[in-house]
Amino acid sequence: MTNVFPFAQVDVFSEQASYGNPLAVVADAERLDQSQMAQLAHWTNLSETCFLLHPTDDGADYCVRIFTPLQELPFAGHPTLGACHVWLCQGGQPQGEDVVQQCGAGLIHIRRDQGRLYFCAPPLRRSGPLDADMIDRIAAALGLQDAKVEAGAWVDNGPGWAALLLKDRQTLLQAKPDYAALKGMRIGLVAPVGELGHGFDFEVRAFSAGGFEDPVTGSLNAGIAQWLLADGIATGDYIAAQGTLLGRKGRVHVLQDGADIWVGGAVQDGITGTLKL
């Protein structure tokens, strides 16, 4: 018997369609088991595909499961914003002022502000500085000179990110990953822009465990924001650019509200229809 599901593909973290990070969203997904979800994510071949479900937590408005082509993730940023956008477009009404998403990382609060969606960065599962040997190994795998690396930290909120702070944007854009040497690590790079006129404050790159560069990455940006703000490297709200070398114009907006850090951006509609399985 053929099952039909509402389906959408949206573009996250971009003010202009086709310049952000695409995401597939399947709604009414209770009829799919885990193996079917994993197979569909493998088939879409996007960095993530997510599935909207009824929540099991009374405090949540909906539940989402997030899959890469290779594995399920407890949390990811652009699927959080993209899934919320689709849920709202399909008539979802939050119980309170914030939308509350249930996922493997727990309950994630999402706000709407000036045409953008923002998620509250979840607590880091692993934080603190990277040891010198790991920094050296990552730098070598990216073709970086030690003098260009300012610091390194774990910024893991679920996917397993480790990040390096580089001296400048030019160094970041020149990095060339050797994925075999990275051995499945998820690595983020961040560097201050410095120059005026760009319209953003930091540049970010993300190298996935699957051996490709991710266009725009909410989970990494959330972890980086928690690191930069806690250590005084960033001193207030900022905008990060990502995806430059991939022909994208990702823009990630970071807001600090007391102890909370909110990470957001625009979501553009792309494909809306039905999926038959």
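Residues numbered from 1 in each chain as written. Predicted model: local features only at pLDDT ≥ 70, side-chain atom pairs only at ≥ 80, totals over all residues. Heavy atoms only, no water.

### Some thoughts on the nonpolar core
- Within the largest apolar cluster, 53 residues are counted, with the highest numbers of intra-cluster contacts made by Leu52, Tyr62 and Tyr238.
- Looking at this core, the element that brings in the most residues is helix α6 (residues 218–230), giving seven residues.
- Not counting residues within four places of it along the chain, the set of residues in contact with tyrosine 238 comprises Asp201, Phe202, Asn221, Ile224, Ala225, Leu228, Val252, His253 and Val254.
- Of all hydrophobic cores here, the second largest spans 21 residues; its members include Leu130, Met134, Val149 and Ile187. (Core = buried A, V, L, I, M, F, W, Y, C linked by side-chain atoms within 4.5 Å. Buried < 20%, exposed > 50% of the residue type's maximum accessible area, 1.4 Å probe, protein only. Helix = DSSP H or I, 4+ residues; strand = E, 2+ residues; numbered from the N terminus. Contact = heavy atoms within 4.5 Å.)

### With respect to helix α2 (residues 77–89)
- Spanning 13 residues, α2 covers 19 Å between terminal C-alpha atoms, matching the ideal 18 Å at 1.5 Å per step.
- With respect to burial, α2 is a largely interior element, twelve of its 13 residues being buried.
- If you check which residues of α2 are buried, you get Gly77, His78, Pro79, Thr80, Leu81, Gly82, Ala83, Cys84, His85, Val86, Trp87 and Leu88. (Expected span 1.5 Å × (residues − 1).)

### Looking at the pattern of salt bridges
- Inspection of the entire model under this criterion finds six salt bridges.
- Of the charged contacts in the structure, one is a salt bridge between arginine 111 and aspartate 257, with a shortest N-O distance of 3.4 Å. Note that arginine 111 is positioned in strand β7 (residues 106–113) and aspartate 257 in strand β15 (residues 250–257), a separation of 146 residues in sequence.
- For aspartate 257, a relative accessible area of 41% corresponds to the partly exposed category.
- Across the pair arginine 205 and glutamate 213 runs a salt bridge, and its minimum N-O distance is 2.9 Å.
- Glutamate 213 gets classed as buried once you look at its relative accessible area, which sits at 16%.
- One salt-bridge network, held together by shared partners, links Asp98, Arg111 and Asp257. (Salt bridge = Lys/Arg side-chain N within 4 Å of Asp/Glu carboxyl O.)

### Brief notes about the packing of aromatic side chains
- Applying the stated criterion across every chain, the model contains five aromatic pairs.
- On the basis of an interplanar angle of 35° and a centroid distance of 5.1 Å, the ring pair of tyrosine 62 and tryptophan 87 is categorised as tilted. One end of the pair, tyrosine 62, is in strand β4 (residues 62–67); the other, tryptophan 87, is in helix α2, and 25 residues separate them in sequence. The same class applies to tyrosine 62 as to tryptophan 87, namely buried.
- Here arginine 31 stacks its cationic end above the ring of phenylalanine 5, 4.2 Å away from the centre of that ring. (Phe/Tyr/Trp six-rings, centres within 6.5 Å; stacked < 30°, edge-to-face > 60°. Lys NZ or Arg CZ within 6 Å of the ring centre and 35° of its normal.)

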